[in-house]
Amino acid sequence: MKILEIRFKNINSLKGEHHINFEAEPLQSNSLFAITGPTGSGKSTLLDVICLALFNQIPRMNKVSKSELAKTKAVITRHQKEAFAEVIYESAAGKFLSHWDIQYNRNDNLNDYEMRIKDLHSNEEFDLKKSEVPAQNEALIGLSYKQFIKSILLAQGEFAKFLQAKDSERKKILEQITGTEIYRKLGMLAFEKAKHIQDAIKENKRRIADTQEELLGNNEIDEKKVAHQKLEAEKEKRSKEKEVLLQQQNLLNEKNRLAKDLVSTKEESFKFENELKVFLNVNEVKIQKHSKTQAFAEELQQWKNKKTELERLYIETEQIQKNILQLKNEEDSLIKAIQNILPHQIDLKQVTAHLEAFRIEVNRLTHQLNDVRKEYKLHWNSLKNELRKVDIEFKNQSLEEIEIELDENLTRWKKEENKLQLQIKQFEANYEKIASSEIADLLEKAIEAKQLEPAIFKLKAQTEEYELQIKKCNQELKDLPNRLESKINLIEKEQLKLDVIQEKKQHQLTIANLDKLRSYLQNGEACPLCGSEMHPYAKHLPKIEDDLDLKIKEQKHKIQQFEKERNTLNEELISLQNKLKTNRQQFRKTSEDLATEQQKWETHYADLSKQKGKLNWEDYAQQLKKYQSNLEQIKKNKEKIELSRNVAEKLSELQELTKQGTVAKNKLNSVYEGSDIDHEVGKLKSNWDKLSEKIEGKKETKLRLKNKHKELANEFDVFSKQLEKKVIRKGFKSIDASLAARLSEQEFQNLQHQQQKLAQQVSDAKAKIQHIEKELTTISQKIKATSMDELQGDITRITEEIQEIEESSKRLFSELERQKEKLERISALQKAIKKTQKGNEYWLLMAELIGDAEGKKFNDFAQDLSLEHLLSMANVQLKELNDRYQLDRPSPDEGSDLVVIDFHMGSERRSVRTLSGGETFVVSLALALALSDLASKNVQIDSLFIDEGFGTLDPETLDQTLDTLERLQAESNKTIGIISHVEALKERIQTQIKLSKNGQGYSSLEVI
């Protein structure tokens, strides 16, 4: 995995947008580079950017969330509204861009972060939620976040502590460095799991013991079984006795019930017999008479229908006669209406022809009148248009009134023309005669001259004003640049003073940070940093100035005040320069505009100005307008006089048409005064035809009904004589009497049904009585008990005895069942113990091998293996850095410290505590490089950042270390960044990412 590019904006102290391209010069050809800068300038920010863009985590905060950022104000540069981090990297899976960003909304609330990944080979983004992006990066790179941090960032300062630590402490550090906390957790998990299993087994055994104490003895169980069997036998015997008694009780109850049923049934039978007698008394005669008519019932119905039909025909014939009389009355009314509209008497056989001839004559006269009206309307519309042209407004005047008004207008127009001719002569006496076609041009020029003259005066005033402003700006600009330069020099001097105070403060902080190391110094022993055996500042520190923070604050405030003054002067200078530039531009423009307008005046308006004389432009324009108006008015008056002659001719034509229309209207009115002859005649014709048709139809219907009635009456007489003979033979006096004896079919069926029902009820009651008496005889023979009370006493007594036996039996049965349940429970618990032991053999064995409450057993074992593996890999790196030493674990008699084998001293084994500061750094670096290989597993890491420790190296060791790193970079093609403050390292490594701080708490970044 290799980092190719980093791009970010507003992360920590690095304000603004920054871009580092490891594939571009100078970093491309110099893959070993230094990251330099003072403390707090943002060197570790580069690693934060990489971690944010890939995993949404940073080493100092772990997972980054909106709430955490809002609370801590971390990551986003202060006073900035947005931030982003972006990394382009290459792995075995391809080339990818991973992006992270966050921003504040318009309410100054932090929005949630966003993340995305883009495949740069296909140029397509992954379709992922932001929470899925870190996992996708982990899959593409092949490393988790923790593995990535340990592989890419080599903080060998941790290994310096690791080398000096005791065995137990060393294992803790190794656990933290390698991220192998899992082994401790596994040991604790195995212990907890086994403890849980053993607790479950103990609990089951305890429950077995408790249950066994509750079990009954074998003799006691046998006695209870025998007693239970005896009780069950006695219960069965008594139950049978009770059953016999209950049967007797049921028989007695049944006998009593049947006795009651017998009484009620006899009462019912008597009731039904009486109801049948009453029914027959009332309805028997009706039924008999109706039955006699059944032989000729159909003929009676036919006779009745024929009679009804004859009556209906008679009534219908009478109604038709009434309708004919009514239609005759309507016919008389219609004839009167027709006679009223026609001018002569009519023949009733030719009514339609007379109406049609009259309609044609009226339409001819109407069309004649309409033709005159149309012609009159055309002439009148033409006249109205002409009247408006000669100043006559039509207000329903008569033609004679219009003629009089026309004569008055002619007289007025002639007077106006004479007056206008006089005014024109007066104008031409003062000015030369002007053609009417030229007046409009002169008038337009006069209006333009009127507008141009004040514009020229205004341009002259503006030119003079801009000239005055230019002189004023030049005067003000003389001293301002010198004042600004003086202020800048003053700020630089004050900034130098601030730098001196800050350096003092930094120096004091450095001394304070070395308190712990100074406490280890002993007189006569060499200092691991400088080698001196004298330590004057081990206990007695140089005097510290306590007011440096106040001085720094005051100095910064003073610089800020000077900067404000400088900014004010600078703004004033820019403002004056802009103002001068603007005034000069405006002066040039107004001068050019003035010259243009003056030239225009001379060319177009100078002669006209002389011609108007002393008049102003407004008055001159009014004179021209009046002269033009007079000429136009004379022309209009002449046109109106000519039009008036045409109007007079049209008035004569209209008067003639009026006479013609009066004659035509009088002729039409003498014949017809209605409004719509076609509708009126059409309606009369339609009504006449319909009425005639109805009358004829009714006459035909009347004749047809009379014939039908006659035919049916003859048939009815013959049928009546034949039927009457049959009726008399059955004992009826007449047909009407036999019809009166007839019942409706529904009534006859109802009566029959009632008679049958009553007869059946009487029969059923008698049968039921016989059945009950037979059952009573049978039951009486079976009953042996003397009385119901005695029988009930025996039943109650035997029931109580059975209940006592049943309760005793249930108690014994429950005790036996509980014994059985306890035995089954014990068996189930024993099986559960065996199952738990068998199913968890491996957990119990694992707990025995690696488990303990703190996970120490397995963790110690795992860390011993990790240490052995790490030392093996570190020795490979150490051989490249320094072939003198080799790391090894201590033997039992060498204590707990790690040892180095010194090949320059005959493979002497000694504690790592005896190494100098530079040697410790080299060994620590070898361990850090080994951890990077160990953490990255099978993933090739082509980007490394090494932090801390270079300040402890002497020049020779530093050169040797840098040579090794250069060789490592050349052989592996890795990009290696060294984070350090060492000046010698800066001189040795020319390619640098240089970070510097400004006075506002921000930093800047430069690749050199």
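Residues numbered from 1 in each chain as written. Predicted model: local features only at pLDDT ≥ 70, side-chain atom pairs only at ≥ 80, totals over all residues. Heavy atoms only, no water.

As recorded in an unreviewed UniProt entry, the protein goes by Nuclease SbcCD subunit C and comes from Psychroflexus salis.

Undergrad: Help me understand the environment of Leu420, please; the structure alone is not making it clear to me.
TA: For Leu420, the location among the structural elements is in helix H11 (residues 399-430). Remark: the alpha-carbon pair of Leu420 and Tyr627, spanning 207 residues in sequence, is separated by 9.4 Å. In this structure, Leu420 is in contact with Asn630, Gln633, Ile634 and Asn637, ignoring residues within four places of it in sequence. (Helix = DSSP H or I, 4+ residues; strand = E, 2+ residues; numbered from the N terminus. Contact = heavy atoms within 4.5 Å.)

Undergrad: Looking at this structure, I do not really get empty space enclosed by the protein. What am I missing?
TA: Think of a ball as big as a water molecule: rolled over the atoms, this probe shows where empty space is left. Evaluated as defined, the whole model comprises one cavity of 30 Å³ or more. Here the largest cavity defines a volume of roughly 40 Å³. Lining of the largest cavity is provided by Ile35, Lys43, Leu46, Leu47, Leu153, Phe945 and Ile979. Its residues assigned to classes, the lining of the largest cavity shows six nonpolar, no polar and one charged. (1 Å grid on protein atoms, 1.4 Å probe; cavity = no way out; pocket = protein on both sides within 12 Å on 5 of 7 lines; lining within 4 Å. Points joined across faces, edges and corners; volume = space filled by probe spheres on them. Nonpolar A, V, L, I, M, F, W, Y, C, P; charged D, E, K, R; others polar.)

Undergrad: For this particular structure, what's the right way to read the side chain of Asp119?
TA: With respect to the helices and strands, Asp119 occurs in strand E8 (residues 114-119). Ignoring any residue separated from it by four or fewer positions in sequence, one finds Asp119 in contact with Lys95, Phe96, Glu124 and Phe126.

Undergrad: Help me understand helix H3 (residues 133-141), please; the structure alone is not making it clear to me.
TA: In an α-helix, one turn spans 3.6 residues; hence positions three or four apart end up facing the same way. Among all positions in H3, only Val133, Pro134, Asn137, Leu140 and Ile141 are buried. End-on view of H3: buried residues confined to an arc of 125°, all on one side of the axis. Contacts from the buried residues of H3 go to helix H1 (45-55), strand E6 (82-91), strand E7 (94-103) and E8. Note on H3: the residue one or two positions beyond its end, Gly142, has a positive phi of about 95°. (Buried < 20%, exposed > 50% of the residue type's maximum accessible area, 1.4 Å probe, protein only. Arc of directions from axis to C-beta.)

Undergrad: Would you take a moment to explain the pairing of strand E3 (residues 32-36) for this structure?
TA: Successive side chains on a regular strand alternate, one facing one side of the sheet and the next facing the other. Of all five residues that make up E3, five are buried, and the element is covered over most of its length. Here E3 shows no split at all, with Leu32, Ala34 and Thr36 on one side and Phe33 and Ile35 on the other all buried. Here E3 pairs with strand E15 (residues 975-979) via four bridges, running parallel. Residue pairing for E15: Leu32 is matched across the bridge by Ile976. (Pairing = 2+ DSSP bridges.)

Undergrad: Got a minute to help me understand the pattern of salt bridges in this structure?
TA: According to the stated counting rule, one finds 37 salt bridges in the structure shown. Lys487 is paired through a salt bridge with Glu565; the nearest N and O atoms lie 2.5 Å apart. Of the two residues, Lys487 sits in helix H13 (residues 480-513) while Glu565 sits in helix H15 (residues 548-604), which places them 78 residues apart along the sequence. Take Lys487: its relative accessible area is 18%, and that puts it in the buried class. The salt bridge involving Arg909 is made with Glu894; its shortest N-O contact spans 2.8 Å. Taken together, the residues Arg909 in strand E13 (residues 908-911) and Glu894 in the loop between strand E11 (885-888) and strand E12 (899-902) connect sequence positions 15 residues apart. For Arg909, a relative accessible area of 33% gives the class partly exposed. (Salt bridge = Lys/Arg side-chain N within 4 Å of Asp/Glu carboxyl O.)

Undergrad: How should the packing of helix H7 (residues 181-213) against helix H23 (residues 856-881) be read in this particular structure?
TA: When two helices pack together, their arrangement is given by the angle between the helix axes and by the axis-to-axis distance. In the contact formed by H7 and H23, the axes pass within 7 Å of each other and the chain directions differ by 150°. As the angle between them shows, H7 and H23 are arranged roughly antiparallel. Once H7 is placed against H23, the crossing between them reads as right-handed. Here Tyr183, Arg184, Leu186 and Gly187 of H7 come into contact with H23, specifically with Lys856, Phe858, Asn859 and Ala862. Taken together, the residues of the contact of H7 with H23 break down into four nonpolar, two polar and two charged. (Axes fitted to C-alpha atoms, helices over the stretch in contact; angles between N-to-C directions. Parallel < 35°, antiparallel > 145°, perpendicular 65-115°, else oblique. Left-handed = near helix turned anticlockwise from the far one by under 90°.)

Undergrad: Where do I start with the pairing of E12 in this structure?
TA: Both faces of E12 are covered, namely the face carrying Val899 and Ile901 and the face carrying Val900 and Asp902. Two elements, E11 and E12, share four bridges in a ladder whose sense is antiparallel. Pairing of Leu887 across the sheet is with Val900, part of E12. Pairing of E12 with E13, which is carried by four bridges, proceeds in the antiparallel orientation.

Undergrad: It is not clear to me how the packing of aromatic side chains should be interpreted in this structure. Could you clarify?
TA: Aromatic rings considered in pairs are described by the distance between their centres and by the relative angle of their planes. On inspection of all chains with the given rule, the structure shows six aromatic pairs. Note on Phe55 and Phe148: the rings are 5.5 Å apart at their centroids and 55° apart in plane angle, and the pair reads as tilted. Residue Phe55 is located in helix H1, and its partner Phe148 is located in helix H4 (residues 145-152); the two are separated by 93 residues in the primary sequence. Taking relative accessible area as the criterion, Phe55 reaches 3% and is therefore assigned buried. Classification of Phe148 as buried rests on a relative accessible area of 1%. On the numbers, 6.3 Å between centres and 15° between planes, the contact of Phe858 with Phe861 is stacked. Residue Phe858 and its partner Phe861 are both found in helix H23; the two are separated by three residues, about one turn of the helix. Note on Phe858: relative accessible area 15%, which makes it buried. The class of Phe861 is partly exposed, set by a relative accessible area of 48%. Here the aromatic cluster, defined as three or more aromatic residues joined through ring pairs, consists of Phe55, Tyr145 and Phe148. Directly above the aromatic system of Tyr1002 lies the positively charged group of Arg78, at a separation of 5.1 Å from the ring centroid. (Phe/Tyr/Trp six-rings, centres within 6.5 Å; stacked < 30°, edge-to-face > 60°. Lys NZ or Arg CZ within 6 Å of the ring centre and 35° of its normal.)

Undergrad: Sorry if this is basic, but what is going on with unusual backbone geometry here?
TA: Leaving glycine out, the prevailing phi sign among residues is negative, and the prevailing peptide bond configuration is trans. Here Glu25 and Pro26 are connected by a cis peptide whose omega angle stands at 5°. When you line up the elements, Pro26 lands in the loop between strand E2 (14-21) and E3. With a phi close to 60°, Asn123 is a non-glycine residue in the positive phi region. Relative to the assigned elements, Asn123 resides in the loop between E8 and strand E9 (124-125).

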